[in-house]
Amino acid sequence: MSSDMAIPSTAAEVLAAGARLRRRYVLYLLGLLALLFLAATLGISIGAVSVPFGQVWLIVWRHISQASAQVGEAGVDIIIWQIRAPRVLLSMLVGAGLATIGVAVQAMVRNPLADPYILGVESGAAAGAVAVIFFGGALGKGIASPALGAFIGALLTLTLVFVLARHGGRVSSLRLLLVGVALSFALSGVTTFMQYATHDPSAQQAILFWLIGGLGGAEWSQIPLMAGVLAIGVIVIWYYARPLNAMAVGDETAAALGMNPDRLRTRLFVVLSLVVAAAVSLVGPIGFIGLVVPHVARLIVGSEHRRVIPLALLLGALYLLLVDVAARWIFAPSEIPVGVLTAILGTPFFIWLIRRRDAMAIRDAR
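Residues numbered from 1 in each chain as written. Predicted model: local features only at pLDDT ≥ 70, side-chain atom pairs only at ≥ 80, totals over all residues. Heavy atoms only, no water.

### What about unusual backbone geometry?
The condition is simple: Numbering of helices and strands starts at the N terminus; helices are DSSP runs of H or I of at least 4 residues and strands are runs of E of at least 2.
Here the phi dihedral of F288 falls at roughly 75°; this positive angle occurs in a residue that is not glycine. Mapped onto the fold, F288 is located in the loop between α11 (261-283) and α12 (289-301).

Next comes the structure, spelled out in structure tokens:
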């Protein structure tokens, strides 16, 4: 009898099932990459000036390959390469970053209703960026200064949320949620106060950008910052995927496996704040992506973070890209601020999560 025949049927079935799951997971990733390509083509093509799909990629390829021959009119070339292409790419990077951070936050605090927006981190980052504009004068007009203010604001807010939510040496999920919401409202009030207190029209316009969130100011110079920060964040969160699995169960489980939950949270705090700060400093506070996308990813592939993180990254990129396309298309040639549209779409999902959680708690009590 061959060695293959000696394997018990149950073990063979387990191996076959694992192989099927891996193939299905790869198909999910490839399918999302294909959808991203199609959505990016659509995002670059549509607008006040519609451009055929084929010409879109001819123009893009001409710039990537640095070919000298011009494709189409010079005005169309500028629209495609200087305006729409960086906007599409920035939307994918920001969406991927916020979704990945949402996965980590929900595991760290063991609360499916948590995300950087609900915990007040995005409001803190926005307040920090706006404070630089309000107090910094000319220094607030560059990318670096608001980004630094956003990073400090996000880090301080996240730290304050956990300090205030800690009671008896433990962090209560309910207290964490309530403290985060309270701080989010307070910081939004501070940001609004700075908007009305300044008498500089240019500063008021810049602050309004942070309040509503949008991708209209996307430029190629912003792409390296967001791409670099996203790469660091994804690598670190992926490295801690197994510890996040344990933390999602509970600190006791993580400690039993030889981990230090508090030390791990401290390391992740910095990374989370860095990614959120970069996103907010470039596009303003955009909420609910870190709440909605991780749940969709878990519904598809389960709760194992090594599978959830890459899927959530691609889903987040696709989600924000499609929302931005819709924001530009619904009332064309005018556009809806993308932060407004994500809030409109995310609120019903948030309510559904609350009702689902309550229903599960009632069922478990029985």
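### Concerning the packing of aromatic side chains
As a reminder of what qualifies: Ring pairs shown here join Phe, Tyr and Trp side chains whose ring centres sit within 6.5 Å, with only the six-membered ring taken for Trp; geometry is labelled stacked below 30 degrees between planes, edge-to-face above 60, and tilted in between. Summary of the burial criterion: residues with accessible area below 20% of their type's maximum are buried, those above 50% are exposed, and those between are partly exposed, where the area comes from a 1.4 Å probe applied to protein chains only.
Across all of its chains, the model carries five aromatic pairs by this definition. Both rings, one in F37 and one in W57, keep their centres 5.0 Å apart while their planes meet at 10°; by these two values the pair is stacked. Here F37, found in helix α1 (residues 9-45), pairs with W57, found in helix α2 (residues 53-65); they are 20 residues apart in sequence, far enough to count as distant. Judged by relative accessible area, which is 46%, F37 ranks as partly exposed. Arranged with centres 5.1 Å apart and planes meeting at 80°, the rings of Y239 and Y240 form a pair that is edge-to-face. Y239 gets classed as exposed once you look at its relative accessible area, which sits at 64%.

### Let's talk about the environment of F349
Mapping F349 onto the fold places it in helix α14 (residues 338-365). F349 sits 58 residues away from L291 along the chain, and the two C-alpha atoms are 8.8 Å apart.

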